[in-house]
Structures are given as structure tokens and as C-alpha cells.
Amino acid sequence: MNTPKRLGVVMDPIAAIHYKKDSTLAMLLAAQARGFELAYLEQRDLSLRDGVALGRMRPLTVRPDPASWFSLGEPAVQPLGSLDCILMRKDPPFDTEYIYSTYVLERAQEQGAWVVNQPRGLRDMNEKVYTAWFPQCCAPTLITRDMDDMGAFLGEHGHIVAKPLDGMGGRSIFVLRADDHNARVVFETLTDYGRRFAVVQRYIPDIASTGDSRVLLVDGEPVPYALARIPAAHDHRGNLAAGARGVGRPLNERDRWLAAQIGPVLAGRGMLFVGLDVIGGFVTEINVTSPTGIRELDRQFGIDIGGMLMDSIVARL
């Protein structure tokens, strides 16, 4: 008899997730359906002892029940390398603690566990900066600490988006026009008076009509549907966390071209689950830490994206 594969997940507290929307839960349900034994960890449960990656793991059972979606067993400290696979699904912010966690997970991978997504890739691929590796896919973009250069970029394009490099969920995203008297204050705020890098991009007006679409990639291949996040009438941000409305749509030819440009490169670096943010046919961010959108697309189109990911993991293992 074959020994069941063991899959660990590092995530935010499972008791506090949004059952209807949580993509990690969709992955765990798919893994359990494929016979994986599940182990639950939070970031605080990771450690290194004499070079060995350890985790305080709790056996996990998940259920498709909005009133009771999980059960946890008693914790036990075990080598992370004893797991066959580890899902790193801790939500941003991508801070120093997150980086330390990737070091532990990198040791775990060297000691036998396959980590999704790859720890080194998580460190290397800042979700806003990494678009620079695919300029053919992006609208004009400037990453700088220089406020005068930001002002010149605004003057060149007349209408821009400015945001921090470590933001998430639509936080601190500013839309500026050339005649906006607050522009300098925004640049000062984002760069901490020239001490921090920030990003400015040409404003893409399609955000108001067709939204910010999340194109999901599973092992380099696009899911056939995208989740368009349409901003609320009083807002400019295409983020569900900021009140945008999620509307699924089939991929178009441009989406598939973007996926073909980016997907194989990331899959080759072990990034099995990635989300491209696409506005007006341009990639604005490449999400590698904890992409979401699974539950909305599964519900609207009767698909199983978590199952696609698990099938890919099984094939890799």
C-alpha cells in the first residue's frame, strides 16, 4: 500500500478566513480530495535548529461547510523536510518576517519538501518590480526614489497611478493628473522624501469600464477565465478588498499572449501559482505571494482551479 503524500500549508489563521472567498481553502479541499494528508502551520510555527527546518504542525481536516470548514489535531514539532509539499500561502505584507520565513522554507526544500511557490522566487519577484522583466507586456512604468523624476513622468503622460512597492489590497494607490496640486505631497509620502522606492505608471483608462483583470497561471498555463475586478462608482481601485466587484470573463487573445510571455518563465523558476493583474491589455503586477480569485471563478464557471494546481503538484512530485 502506498503511503499517503503529506502536504503542509503555511497560512494566516484558518479560523479567520472568509469561507466563500478563500483561495487557500479551495486548494486544501482539492488536496484532501486527492488523498493528501494535511498539516497546518502559521508563520510563527516555523523554526531552524542547527540547520534543520522545523515546523509545529497540526493535522488538518477541511470540509466544504461554511459553518465548520476545518478541524485541527494536536501540534507536534517535525522536520519540514518530512512533508512532500508545502504551500506558502501567508498573505502579504511582504516584510522582513516574510523574508525570514522564506529562508526556513528554502532549507525545508533542500531537505526534501517541494515548496509552492519557490522561496527564492518569493524573495526575488517583487510583485510590482518584477514587471520590469517583461517590458513588452507593460504600460510605461518608472520605479524611483527621485521625486523630480516622478514629476517629470507625470508631465510626460499627464495622467498616472502612483503606489508603494510593498502595498496590497489597493492600499495607498493614488491617481494623479498633471494639474493636481497634491502630486508633490503624494510623491513625498510614497518615497518618504526620497528615502524609499515607489512606482508610477501611466494611467490606463480601461480600469473604469473593464476593470483590473486577474489572470491566473497554473504551472505556466493560464486558467481559461479571468476575474475582472470592476471598481466601485466612487473609487478608482480594482481590488476586491477596496470594494471592487468581481466579474468573470473568458480570456481574450491579448490575455493569452501575456500568459505565453510570462507563464513559462515563472514556471521554469518553480512558481506554480501566479496571478497577473491586467488592465487594458497591460500587466501592472505579477502576484506570486498569495494570489486569489479561485473561489469566484470556480463558482461562476463550474471549474476547479485548486484541483488544477494539485494535479500539477502531483505531476511534479
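Before reading further, recall that the structure is shown in the block above.
None of these values were measured; they are calculated from a predicted model.

1. A word on the side chain of Gln118
Here is step 1 of the chain: Counting through the fold element by element, Gln118 comes out in the loop between strand E8 (114–116) and helix H3 (119–124).
Here is step 2 of the chain: Within polar-contact distance, the side chain of Gln118 engages the side chain of Gln109 at 2.6 Å.
Here is step 3 of the chain: When near neighbours in sequence (up to four residues on either side) are disregarded, Gln118 contacts Gln109, Arg269, Gly270 and Met271.

2. Remarks on empty space enclosed by the protein
Here is step 1 of the chain: All told, the structure shown has 1 cavity of 30 Å³ or more when counted by the stated rule.
Here is step 2 of the chain: Quantified by volume, the largest cavity comes out at close to 50 Å³.
Here is step 3 of the chain: Together, Met27, Leu87, Met88, Arg89, Val116, Asn117, Phe273, Val288, Thr289, Pro291 and Leu309 line the largest cavity.
Here is step 4 of the chain: No other element matches the 3 residues that strand E7 (residues 85–89) contributes to the lining of the largest cavity.
Here is step 5 of the chain: Looking at side-chain class alone, the lining of the largest cavity contains 8 nonpolar, 2 polar and 1 charged residues.

3. Some thoughts on the nonpolar core
Here is step 1 of the chain: Counting 37 residues, the largest nonpolar core has Leu80, Ile86, Leu266 and Ile286 as the members making the most contacts within it.
Here is step 2 of the chain: Secondary structure elements with two or more residues in this core: strand E2 (37–41), strand E4 (52–62), E7, helix H2 (96–110), strand E13 (212–218), helix H6 (253–268), strand E17 (273–279) and strand E18 (282–287).
Here is step 3 of the chain: Ranked by size, the runner-up nonpolar core spans 33 residues in total, among them Met11, Tyr19, Ala31 and Leu227.

4. Quick notes on the sheet that holds strand E12 (residues 198–202)
Here is step 1 of the chain: On the basis of which strands lie adjacent, the open sheet formed by 4 strands has the order E9-E12-E10-E11 and antiparallel pairing. Of all the strands in the sheet, the pair left with one neighbour each is strand E9 (141–144) and strand E11 (174–177). Each adjacent strand pair in this sheet contributes to an overall mean axis angle of 25 degrees, direction not counted.
Here is step 2 of the chain: As defined by bridge partners, strand E10 (residues 159–164) adjoins E12 across 5 bridges and the pair is classed as antiparallel. If you follow Pro164 over to E12, its bridge partner there is Ala198.

5. Some words on the environment of Pro222
Here is step 1 of the chain: With respect to the secondary-structure elements, Pro222 resides in strand E14 (residues 221–222).
Here is step 2 of the chain: Note: C-alpha distance between Pro222 and Arg256 (34 residues apart in sequence) is 7.2 Å.
Here is step 3 of the chain: Those residues in contact with Pro222 that lie beyond four places of it in its chain are Val215, Leu216, Leu217, Leu251, Arg256 and Ala259.

Criteria and cut-off values
Residues numbered from 1 in each chain as written. Predicted model: local features only at pLDDT ≥ 70, side-chain atom pairs only at ≥ 80, totals over all residues. Heavy atoms only, no water. Helix = DSSP H or I, 4+ residues; strand = E, 2+ residues; numbered from the N terminus. Polar contact = N/O pair within 3.5 Å; in protein donor to acceptor, adjacent residues only side chain to side chain. Contact = heavy atoms within 4.5 Å. 1 Å grid on protein atoms, 1.4 Å probe; cavity = no way out; pocket = protein on both sides within 12 Å on 5 of 7 lines; lining within 4 Å. Points joined across faces, edges and corners; volume = space filled by probe spheres on them. Nonpolar A, V, L, I, M, F, W, Y, C, P; charged D, E, K, R; others polar. Core = buried A, V, L, I, M, F, W, Y, C linked by side-chain atoms within 4.5 Å. Buried < 20%, exposed > 50% of the residue type's maximum accessible area, 1.4 Å probe, protein only. Pairing = 2+ DSSP bridges. Axes fitted to C-alpha atoms, helices over the stretch in contact; angles between N-to-C directions.

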